[in-house]
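These are the residues of each chain, in order.
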Amino acid sequence: MLKGIHNGAKLLVVDPRKTTSAQWADTWIGLDVGTDIALANTVAREIIHAGLINTEFVNRSTSGFKEYAASVEPFTLEEGERLTGVDANLIRQLAHSYALADRAQLCWTLGITEHHNGTDNVFALINLALLTGHVGRYGSGIVPLRGQNNVQGGGDMGALPNKLPGFQDIENDEVARVRFETKWGTSIPAKRGWHLSQMFDAMERGELRTLYVIGENPAQSEADSGHAVKLLQELEHLVVQDIFLTKTAELATVVLPASANWVEADGTVTSSERRVQRVRRALDPPGNARNDLEIICDLAIRMGHDWGHPSAEEVWDELRSLSPMHAGMSYKRLEELGGIQWPCIDENDPGSQFLHGRLWKDPVEGPLAPFTPVEFVPPLDELSDEFPIRLTTGRRLDSFNTGVQSGGYTSPLRKPETLNLSPTDIAKYGLSEGEVVTITSRRASIQAPVVADTTLRPGLAFMTFHFPDQVDTNLLTIDAWDPKSGTAEFKATAIRIDKLAEQSTFPINQTKVEALT
């Protein structure tokens, strides 16, 4: 993005906080947390009323425009300002800049998806891309920026409760299901499984009694983490396979030491642009650690299913025989071409630079792209007189998630966890820099030192989840989740701040995490 800015691109940033990215932007649009749909619908209505829609593209390549236009009609510029806190003129500028651009991309991260209606947030952005034709062309598109390495690859390989590898629907694609059943020599239930949030619900009901966790730390990464730990502790059997002894692993019945697949195993990785690339083993796993594939195949043998010990390439070739979108990606071609973007249907196919390029063909190949009307619903953890401050959570540059991978080394950028508040709020509540306060939500209370943050507007607080051993931020967050994706609403928690009876301060410029107790 910075290269694009240096080359003359225009950057508009929509974010409750004035982040580092926002500081590079031509325009920062600081909306209230959880009002993304209201903003997108207001932008859409303005584009429609200003006559800026890509009429040719909408008529030829989309469906449902009439119903969508009716759904955004109530979102006037004035109503959008009331709902989002963004000046109506700024919303108008955003709408016109996006619609009139020769090329435009909508890029988003977890700030859009970690809401009780995160999927609808994404649909709202897709609608804008369809409205303007900013999709399926060079320099234009919808770009979900992944939060972790190979998130895309995990989904591609079937790590979704309703999909077989290659995004083949387990409930609605009988042909695909039969193909897998034939190859694997077993029947596959024509019913989707549980996603992560449903698994925890099932634990609470007593329906899920055994859990196998690979490379995840739900004891500290889940919303309302105190409740999550309680449910994990009540399991009859918990297996954790990981490269670190995480807090989740400390609760486990059995821990299986795994390898770091990016350096200690062969395989593939898929980027956000759908590019599949080779990963080559450079080091042997240390001690008794073993490759994930070896562990799983040995478990299968002990459960009465001898899969042998296939190589990573043999597993990949099986995948290619079952997933049409990967069929043409042999290891040989991946190495020769430096990676290939799916879909790649055979070994003469160079791959697909644009996933939705088909929408520009005449006639359109495949189904039309549907508009999806979405309803604006504010955050579920409502602000009140008792909980008047909106807490949103996120990352800092020097750390990663719950700190399992980044907490083992020091960084000159690292500071211990703090409660970031606007200078206005620090003055309003009679606080001082470094003062330790109690932060309370409807679920729990924690303590952290206060720091003034000029990127925040009054009424908005910010914390990370990087240091849960010192300040367990996810004790505060609400475990309400999006019914479509299962993602919890990490970004919108209602809190209050209380001074301690015995005042204390903490030096916020220290770099060692363990200093905060």
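Note that the structure is predicted; figures quoted are calculated from it, not measured.

**A word on the overall build of the chain**
Along the chain, the regular secondary structure elements total 19 helices and 20 strands. Taken against the 2.2 N^0.38 rule, which gives 24 Å for 517 residues, the C-alpha radius of gyration of the chain at 24 Å falls within 12% of a compact globule. Buried residues in the chain amount to 48% of all 517 residues. At a minimum sequence separation of 6, the contacts of the chain that also span at least 24 residues come to 66%. Total accessible area on the chain is roughly 25,500 Å²; 52% of this is exposed by carbon and sulfur atoms. If you average the places of the 48 positive and of the 69 negative side-chain charges in the chain, the two averages end up 3 Å apart.

**Things to note about the domain arrangement of the chain**
Parsing the chain into structural domains produces domain 1 (2-145) and domain 2 (389-499). Here domain 1 and domain 2 have C-alpha centroids that lie 27 Å from each other. Tallying the contact residues gives 20 residues for domain 1 and 19 residues for domain 2. Taking both sides of the interface into account, the surface hidden between domain 1 and domain 2 amounts to around 1,600 Å²; carbon and sulfur atoms contribute 55%. It is Arg17, Glu114 and His116 that lose the most area in domain 1 upon contact with domain 2, and together they represent 40% of the buried surface on that side. For the pair domain 1 and domain 2, the interface holds three salt bridges. The closest approach of N and O atoms between lysine 491 and glutamate 114, which form a salt bridge, is 3.5 Å. The element contributing the most residues to the side of domain 1 that touches domain 2 is helix H9 (residues 118-132), with four residues.

**Side note on the sheet that holds strand S13 (residues 340-341)**
Here three strands make up an open sheet; going across it, the order is S11-S12-S13 and the pairing antiparallel. The open sheet terminates on both sides in strands that have one partner only, identified here as strand S11 (267-270) and S13. Where S11 meets strand S12 (residues 275-279), four bridges bridge the pair, whose relative direction is antiparallel. Bridge assignment links threonine 268 to a residue of S12, and that residue is arginine 278.

**Regarding the packing of aromatic side chains**
Evaluation of the coordinates by the stated rule reveals five aromatic pairs. With centroids separated by 5.9 Å and ring planes inclined at 45°, the aromatic side chains of phenylalanine 167 and tryptophan 342 adopt a geometry described as tilted. With phenylalanine 167 in the loop between strand S6 (163-164) and strand S7 (168-169) and tryptophan 342 in the loop between S13 and strand S14 (369-370), the pair connects residues that are 175 residues apart, well separated along the chain. Under the relative-accessibility criterion, tryptophan 342 is labelled buried at 8%. Feature note: the residues Phe65, Tyr68 and Phe371 constitute an aromatic cluster, connected by ring pairs. Across from the ring centre of phenylalanine 462, 3.7 Å away, lies the NZ or CZ of arginine 17, which sits over that ring. Here the guanidinium or amino end of arginine 278 rests over the ring plane of tyrosine 331, the centre of that ring lying 4.0 Å away.

**Considerations on the nonpolar core**
Judged by nonpolar contacts, the single largest core of 42 residues is most densely connected at Leu39, Val43, Ile47, Tyr68, Tyr98 and Leu128. Residues contacting isoleucine 47, with those up to four places away along its chain left out, are Leu52, Ile53, Ala95, Tyr98, Ala99, Leu131 and Thr132. In this structure, Leu421, Ala448, Val471 and Ile497 belong to the second largest nonpolar core, which totals 17 residues.

**Considering the packing of helix H3 (residues 36-49) against helix H6 (residues 77-84)**
The geometry of H3 relative to H6 is characterised by a closest axis approach of 9 Å and an angle of 165° between their N-to-C directions. When the axis of H3 is compared with that of H6, the two are roughly antiparallel. As H3 packs across H6, the resulting crossing turns out to be left-handed. Across the interface between the two elements, Ala38, Leu39, Thr42 and Glu46 from H3 touch Leu77, Gly80, Leu83 and Thr84 from H6. Its residues placed into classes, the contact of H3 with H6 shows four nonpolar, three polar and one charged.

**Regarding the packing of helix H11 (residues 174-184) against helix H17 (residues 312-322)**
The geometry of H11 relative to H17 is characterised by a closest axis approach of 10 Å and an angle of 145° between their N-to-C directions. The two elements H11 and H17 meet at a crossing, and its hand is right-handed. Here Arg179, Phe180, Lys183 and Trp184 of H11 come into contact with H17, specifically with Glu318, Ser321 and Leu322. Residue composition of the contact of H11 with H17, by class: three nonpolar, one polar and three charged.

Calculation criteria
- Residues numbered from 1 in each chain as written.
- Predicted model: local features only at pLDDT ≥ 70, side-chain atom pairs only at ≥ 80, totals over all residues.
- Heavy atoms only, no water.
- Helix = DSSP H or I, 4+ residues; strand = E, 2+ residues; numbered from the N terminus.
- Rg over C-alpha atoms; globule rule 2.2 N^0.38 Å.
- Buried < 20%, exposed > 50% of the residue type's maximum accessible area, 1.4 Å probe, protein only.
- Contact = heavy atoms within 4.5 Å.
- Areas by Shrake-Rupley, 256 points an atom, 1.4 Å probe, with all protein chains shown as cover.
- Lys, Arg positive; Asp, Glu negative; His and termini not counted.
- Charge placed at Lys NZ, Arg CZ, Asp CG, Glu CD.
- Domains from an automatic or database assignment.
- Buried area = accessible area lost by both parts, 1.4 Å probe.
- Salt bridge = Lys/Arg side-chain N within 4 Å of Asp/Glu carboxyl O.
- Pairing = 2+ DSSP bridges.
- Phe/Tyr/Trp six-rings, centres within 6.5 Å; stacked < 30°, edge-to-face > 60°.
- Lys NZ or Arg CZ within 6 Å of the ring centre and 35° of its normal.
- Core = buried A, V, L, I, M, F, W, Y, C linked by side-chain atoms within 4.5 Å.
- Axes fitted to C-alpha atoms, helices over the stretch in contact; angles between N-to-C directions.
- Parallel < 35°, antiparallel > 145°, perpendicular 65-115°, else oblique.
- Left-handed = near helix turned anticlockwise from the far one by under 90°.
- Nonpolar A, V, L, I, M, F, W, Y, C, P; charged D, E, K, R; others polar.

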